[in-house]
Amino acid sequence: MSEGNEAQERVLDIETSSAGSSVTEDDQCKPCGSQDEAATVTLQVAVENREDDDDVVVSSQSPEEEEKEMSKEADVIDCRPAEQLMEVEKAQEKVDDIVVPIEDTAASREGNETVAEVIAIEEESVEILKEEAAIDVLKRESTVQQSVYQIKWIKWKDSKVPIITQNENGPCPLIAVINVLLLLGKVKLNYVQEIITSDQLMEYLGDCILESTPKNISEGAQLNYEQNMHDAIAIVPKLQTGLDVNVKFTGVHDFEYTPECIIFDLLNIPLYHGWLVDPQAKDVVNAIGKLSYNQLVEKIITNKSSSDCNSVTEALIAESFLEKSASQLTYYGLCELNEVLKPNELAVLFRNNHFSTIFKHKRELLQLVTDQGFLTESNVVWETLSNIEGDCLFVDANFVTVPPKLATSLAEGVVIPPLASSIEANSPEQIDRDYLVALSLQEQQKREEEDLKV
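Report on the accompanying structure.

Calculation rules
- Residues numbered from 1 in each chain as written.
- Predicted model: local features only at pLDDT ≥ 70, side-chain atom pairs only at ≥ 80, totals over all residues.
- Heavy atoms only, no water.
- Phe/Tyr/Trp six-rings, centres within 6.5 Å; stacked < 30°, edge-to-face > 60°.
- Helix = DSSP H or I, 4+ residues; strand = E, 2+ residues; numbered from the N terminus.
- Buried < 20%, exposed > 50% of the residue type's maximum accessible area, 1.4 Å probe, protein only.
- Pairing = 2+ DSSP bridges.
- Contact = heavy atoms within 4.5 Å.
- Axes fitted to C-alpha atoms, helices over the stretch in contact; angles between N-to-C directions.

1. Looking at the packing of aromatic side chains
So, point 1. One pass over the full model with this rule turns up 11 aromatic pairs.
So, point 2. Pairing W156 with F359 gives two aromatic rings, centres 5.2 Å apart and planes at 75 degrees, and the pair type is edge-to-face. Of this pair, W156 sits in the loop between β1 (148-155) and β2 (160-164) while F359 sits in strand β6 (residues 354-361), and the two are 203 residues apart along the sequence. As far as burial versus exposure is concerned, W156 and F359 are alike and both buried.
So, point 3. Note on W156 and W382: the rings are 6.0 Å apart at their centroids and 45 degrees apart in plane angle, and the pair reads as tilted. Of the two residues, W156 is situated in the loop between β1 and β2 and W382 in strand β8 (residues 382-384); the sequence distance between them amounts to 226 residues. The exposure classification of W156 matches that of W382, with both residues buried.
So, point 4. Members of the aromatic cluster, connected to one another through ring pairs, are W156, F359, W382 and F399.

2. Some points on the sheet that holds strand β7 (residues 364-368)
So, point 1. With mixed pairing, the six strands of this open sheet are ordered in space as β4-β5-β6-β7-β8-β9. Each end of this open sheet is capped by a strand with a single partner; those strands are β4 (271-273) and β9 (394-395).
So, point 2. Two strands pair when backbone bridges link them, and β7 and β8 are joined in this way by three bridges, in the antiparallel orientation. Within β8, the residue paired with L366 across the bridge is T384.
So, point 3. Along the sheet face, helix α13 (residues 331-340) touches β4, β5 (346-351), β6 and β7 and points at about 95 degrees away from the line of β7.

3. A look at the sheet that holds β2
Backbone-to-backbone hydrogen bonds pair the strands of a sheet. The strands run either parallel or antiparallel.
So, point 1. In space, the three strands of this open sheet follow the order β2-β1-β3, with antiparallel pairing throughout. Pairing within the sheet leaves two strands with one partner each, and these edge strands are β2 and β3 (195-197). Neighbour to neighbour, the strand axes of the sheet diverge by 40 degrees on average, direction disregarded.
So, point 2. Pairing of β1 with β3, which is carried by three bridges, proceeds in the antiparallel orientation. In the sheet register, Y149 faces β3, and the bridge partner there is I196.
So, point 3. Lying over the sheet, helix α6 (residues 173-184) contacts β1 and β2, oriented at roughly 170 degrees with respect to β2.
So, point 4. In the packing of helix α7 (residues 198-211) onto the sheet, contacts are made with β1, β2 and β3, and the angle to β3 comes to roughly 75 degrees.

Here's what the structure looks like:
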């Protein structure tokens, strides 16, 4: 109760001082900060005391005087100048004007943050896709690097020699080159070895390239050879899948130079092809000239749409040649191969986008059979290269022809069962087998006669 009495006395003192002053009502309405502050303090104190002491009556004034005093207090509160009120309203409007843009900016910022989040998510998704693609590439490369090849041991010059078989019918110059090196004795494998990886093959190949460095050559030639050797080693991994080879139709040795050809040069392994134009076909010779395959294709495409009749005619002649020699071997090219290759020469033949190991036995061209389907067939070692249609014969390690029906059955994966004791002497089965044996003996006799003549 003492705090309430002191507050009331403080109010009475302030009111008495205000009433005893000579300030008029007009003077009170002047924009004076001290008067406004005094009125505000008076109001705040009065309100606080009323809230705190609603049930306490300490004023000694009559109700009429108290009501009159409260009216004066209200007049003091409302006597703030109108201009100041207007300024307050304007200030409030400015605050509102500032708040709205801030809210809009905040909303815009939220929108921008949302867009940024979406962009970040998309970029993250792209990075994930790139990582997955890179992993797929690594898996494919790993699969290629971990390719495993079966080894077949054949008879070669009175000794057992391994050759690498191929499980897929695709361009694999690695196998062709390695088989030449195996037959030449430059690469040797353990006799009990049955499989080998592509990494091991490339390691053997790299060793052969390093060992083939020539001796006693000039410094300039040495530097040139070392540069070629580094280029060749960098290209070795491409041997697993294929090489960029662009033939020319003018000779069995003629290829457009590419870095891939360095490997054959360093290893001293001849690379041939038989896709040649017969010089007697003058119109074809004029249409093709000395162009490479890629250049010829471009010429055909360009000249076929030309307004010059001669250009169109040459394009059609060249296109016809490519269509008729789709096997990438012509009879003229086959004859040239027979003339160029020396007896007992090993080389690599590029034909039909495939690389194969070839060998010239006396006067006949042979291809090494590397199909994995013949892995367990010791009698099937070579295949004759005597025509361009593919009607060739299989021969064994002694270059004796395998009976035709047996060769066909082996090619189709069919194994002829051995002769059973229950077969009758004059039965059709016995007659067929006798016929096969007779053909084999006849072919062998012809070869022996040819060998004697040579």
